[in-house]
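Analysis of the macromolecular model
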There are 2 protein chains.
Amino acid sequence: MNPITCIDVGGTFIKAGNVVNGKVRHEIKIETGEPGMLTRTLLQIIVELGGEAVGIGMAGLVDADGTISSPPNFPGIESLPLKEILQEELNIPVFVDNDANMAALGEHRYGAGRGIKNLIMLTLGTGVGGGIIINDKIYHGRGYAGEVGHITIDPNGPLCLCGNYGCLESYIGADRITERAREYVRMGVETRLRSYAGKITPEIIEDEAYKGDHVAMDIVAEMAKFLGIAISNYCAILDPERVIIGGGLSKMGDILLSGVKREVARRLYSRKDIDIVFSELGDRAGILGCYEMVIHSI
Amino acid sequence: MNPITCIDVGGTFIKAGNVVNGKVRHEIKIETGEPGMLTRTLLQIIVELGGEAVGIGMAGLVDADGTISSPPNFPGIESLPLKEILQEELNIPVFVDNDANMAALGEHRYGAGRGIKNLIMLTLGTGVGGGIIINDKIYHGRGYAGEVGHITIDPNGPLCLCGNYGCLESYIGADRITERAREYVRMGVETRLRSYAGKITPEIIEDEAYKGDHVAMDIVAEMAKFLGIAISNYCAILDPERVIIGGGLSKMGDILLSGVKREVARRLYSRKDIDIVFSELGDRAGILGCYEMVIHSI
């Protein structure tokens, strides 16, 4: 098989790999940088990795023509015909889909979703993405299905970057989580997070939560609650065999997962156990999903 | 073709018909009555209508074996193996599914969903049901998909009959709507609803809203808001080609529909127009859906 260049474009990092026969060879992880530079950055990565076709998973709304619309975490981009631009520039086949769809596809084929016919995936990072596998295939709807990050958790909640109020993402996006920690510090609450000054990251919050810092534990518990509400809604609608949680913030681990499970058990109408697990592939879920998309498209 | 007995069991009314070649002949509508009498009532209807097979759409959770679990609007029923009981008693084929799934199937085949590949249906009545058609088939998940009535609208909202807090049904179920009207009357607010004393029905509220009664208009507007939030969540996840609203309360008409459309437009992440329409089949949606289920099962 020929090498395929697979790129997962998140709000903070771009992860890419050269994939042959489902194995990731050369791998790259760089900061996403300025939205205005995105196309140029992608071209550089594609040239460096040298695959014979390209698959891209991109945060935000991606239509069937590979055009991106107003991704909330890429201010300034309103409509970007990414597939068309890259194909013209490179003269090789390019396929573009939503990043969480790609992560769902990667996990379904190679990771925590192997052998599962109907599953839903959530990706927790700068934004909150969602992907749906129904009958072993990505379910796109008219192109924009699975956007669990923008379901309303509380109609009177905070303004989200998407323009709606009270979206899941407005409660548990990475920036919101670190901002919440800084609020506690500013309020003068006793917490070890204070020692990190302005440099609190989700990883630090996770780490301190494990070590028993009450503020960090509160933040993770609150995140678990909102995530649990969203997952119970997602499951009331789709009743999947499995829910997979991936993305950078999923590293929050068991404290997060047990809180999510409690909230879902409390809320889910069917009262049936839902199998909720973390991603097995981590950063590679999106990359391997892009690989699957490309090999089934060319 | 042989006649099929099709029965739509709601929290307040049972609607049933003898259906031949997709045409409803003899039709019955009776009050649902005591949950403990349900099986006996259904047997009487089946004997009266005399079909050679039976299809039943029932409010609540229905598993693949035709067993009903804890339907919120049938207190006292915990687990009822309806298919098994009726088949043993009658010795003819019986098929049971969720009532909103049946309404979705009826509309998809004969009504407002003809030619639509992916659609979602909401049924507004005593409870709020949901059904999903994906690729021209009912999507069941593990058996309990589409339960939009029990997605959380507000995590701190009122207790729902299902045990969760802030479910859509706890805001817009028929009892909640009429209770809201009685609250206004008790508070002494100026409204023509006062003249109906304790006998306010959703139809009266609709009628007075059309005539310009401000309290009735407020109640419909509030219902539209909650319904709009739920539909925007449903659509963020499934991005269907069409949304169909059916059930008794859908008779609230254009005041309700325009309010729903405004709320969805305000909240939906994709900012794509969603085609939201009322049921074309009314009371017959569920009956005709049961017919479709039976003829494709035997």
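Located above this text is the structure these notes cover.
Computed from a predicted structure; not experimentally measured. Just so you know, the residues in each chain are numbered from 1, in the order the chain's sequence is written. For naming, the first written chain is A and the first written ligand is 1, with later ones following in the order written. Given that this is a predicted model, residues contribute local features only at a pLDDT of at least 70 and side-chain atom pairs are listed and counted only at 80 or more, while totals for whole chains, interfaces and linings are drawn from all residues. For the side-chain quantities, the full set of heavy atoms in the structure was used; hydrogens and water were omitted.

1. A look at the overall build of chain A
The helix and strand labels rest on DSSP assignments: H or I over at least four residues marks a helix, E over at least two residues marks a strand, and numbering proceeds from the N terminus. Tallying secondary structure elements over chain A gives 9 helices and 13 strands in all. To get the radius of gyration, use the C-alpha atoms; to get the globule rule, take the number of residues to the power 0.38 and multiply by 2.2 Å. Relative to the 2.2 N^0.38 estimate, which gives 19 Å for 298 residues, the radius of gyration of chain A is 19 Å and therefore close to what a compact globule would have. With the principal axes as the frame, chain A shows a C-alpha extent of 55 × 45 × 35 Å. Areas reported as accessible are Shrake-Rupley estimates using a 1.4 Å probe. Residue values count occlusion only from the protein chains shown. For chain A, the computed accessible surface area is about 11900 Å², with 49% contributed by carbon and sulfur atoms.

2. Quick notes on the sheet that holds strand β5 (residues 61-62) of chain B
Residues and elements named next belong to chain B. The pairing criterion is simple: DSSP has to find at least two bridges between the two strands. What the 3 strands build is an open sheet, ordered β5-β6-β7; its pairing is antiparallel. In the strand order of this sheet, the two ends are held by β5 and β7 (79-80), each with one partner. In the sheet, β5 pairs with strand β6 (residues 68-69) via 2 bridges, with the strands oriented antiparallel. Within the sheet, the bridge partner assigned to Val-62 lies in β6 and is Ile-68.

3. Looking at the relation of the copies chain A and chain B
Mapping chain A onto chain B calls for a screw motion: a turn of 180° about the axis and a shift of 0.0 Å along it, with 0.0 Å RMSD after fitting. Classification of the inter-copy transformation places it as that of a two-fold axis. Every residue of chain A has its C-alpha some distance from the rotation axis, and the shortest such distance is that of Asp154(A), at 2.5 Å. Least squares is used to superpose the copies, and the fit set is the C-alpha atoms of residues whose pLDDT is at least 70 in both copies.

4. Some remarks on the environment of Ser195(A)
Residues and elements named next belong to chain A. Within the fold, Ser-195 resides in the loop between α5 (174-186) and α6 (202-210). Accessible area is worked out with a 1.4 Å probe on protein chains only. A residue is then buried under 20% of its type maximum, exposed over 50%, and partly exposed in between. Since its relative accessible area comes to 62%, Ser-195 is described here as exposed. Remark: the alpha-carbon pair of Ser-195 and Lys-29, spanning 166 residues in sequence, is separated by 28 Å. For Ser-195, the side chain forms a polar contact with the main-chain oxygen of Arg-192, separated by 2.7 Å. Whenever a nitrogen or oxygen atom comes within 3.5 Å of another N or O atom, the pair is scored as a polar contact, on the condition that within protein one atom can donate a hydrogen and the other can accept it, and that pairs from neighbouring residues in sequence are kept only if both atoms are in side chains.

5. Quick look at the sheet that holds strand β8 (residues 94-98) of chain B
Backbone hydrogen bonds hold the strands of a sheet together, and the pairing may be parallel or antiparallel. Residue and element names in this part refer to chain B. In space, the 5 strands of this open sheet follow the order β3-β2-β1-β4-β8, with mixed pairing throughout. Looking along the sheet, the strands with just one partner apiece sit at the ends: β3 (23-31) and β8. Averaged over all pairs of adjacent strands, the angle between strand axes in this sheet comes to 15°, irrespective of strand direction. Bridge count for strand β1 (residues 4-9) against strand β4 (residues 54-58) is 5 bridges, and the pairing is parallel. Each bridged residue has a counterpart across the sheet, and for Ile-7 the counterpart in β4 is Ile-56. Relative to the sheet, helix α1 (residues 38-49) contacts β1, β2 (13-20), β3 and β4, its axis offset from that of β2 by approximately 25°. Note on geometry: axes are lines fitted to C-alpha atoms, helical ones only across the stretch in contact, with angles between N-to-C directions running from 0 to 180 degrees. For this analysis, residues touch if any pair of their heavy atoms sits within 4.5 Å.

6. Brief notes about the pattern of salt bridges
All names here are of chain A. Every case where a carboxyl oxygen of Asp or Glu lies within 4 Å of a side-chain nitrogen of Lys or Arg is listed as a salt bridge. Applying the stated criterion across every chain, the model contains 32 salt bridges over all chains. One salt bridge connects Glu-280 with Arg-114, and the closest N-O pair in it is separated by 3.6 Å. With Glu-280 in the loop between β13 (275-278) and α9 (284-297) and Arg-114 in the loop between α3 (99-110) and β9 (119-124), this pair connects stretches of sequence that are 166 residues apart. Residue Glu-263 is joined to Arg-266 by a salt bridge in which the shortest nitrogen-to-oxygen separation is 3.2 Å. Here Glu-263 pairs with Arg-266, and both are found in helix α8 (residues 253-267), just 3 residues apart, close to one helical turn.

7. What to know about the interface of chain A and chain B
Counting residues at the interface gives 41 residues for chain A, matched by 42 residues for chain B. Buried area adds together the accessible area that both of two parts lose upon being put together, with accessible area traced by a 1.4 Å probe. With both sides pooled, the region where chain A packs onto chain B buries about 3900 Å², and carbon together with sulfur makes up 54% of that total. Its largest share of buried area at the contact with chain B, chain A owes to Arg142(A), Ile237(A) and Tyr269(A), together 23% of the area lost on that side. At the boundary of chain A and chain B, one finds 2 salt bridges. Close ionic contact of Arg142(A) with Asp239(B) constitutes a salt bridge, the shortest N to O distance being 3.1 Å. For the side of chain A that touches chain B, the leading source of residues is helix α7 (residues 214-238) of chain A, giving 6 residues. Tallied by class, the residues present in the side of chain A that touches chain B amount to 20 nonpolar, 12 polar and 9 charged. Polarity classes work like this: nonpolar for Ala, Val, Leu, Ile, Met, Phe, Trp, Tyr, Cys and Pro, charged for Asp, Glu, Lys and Arg, and polar for all others, with Gly in that last group.

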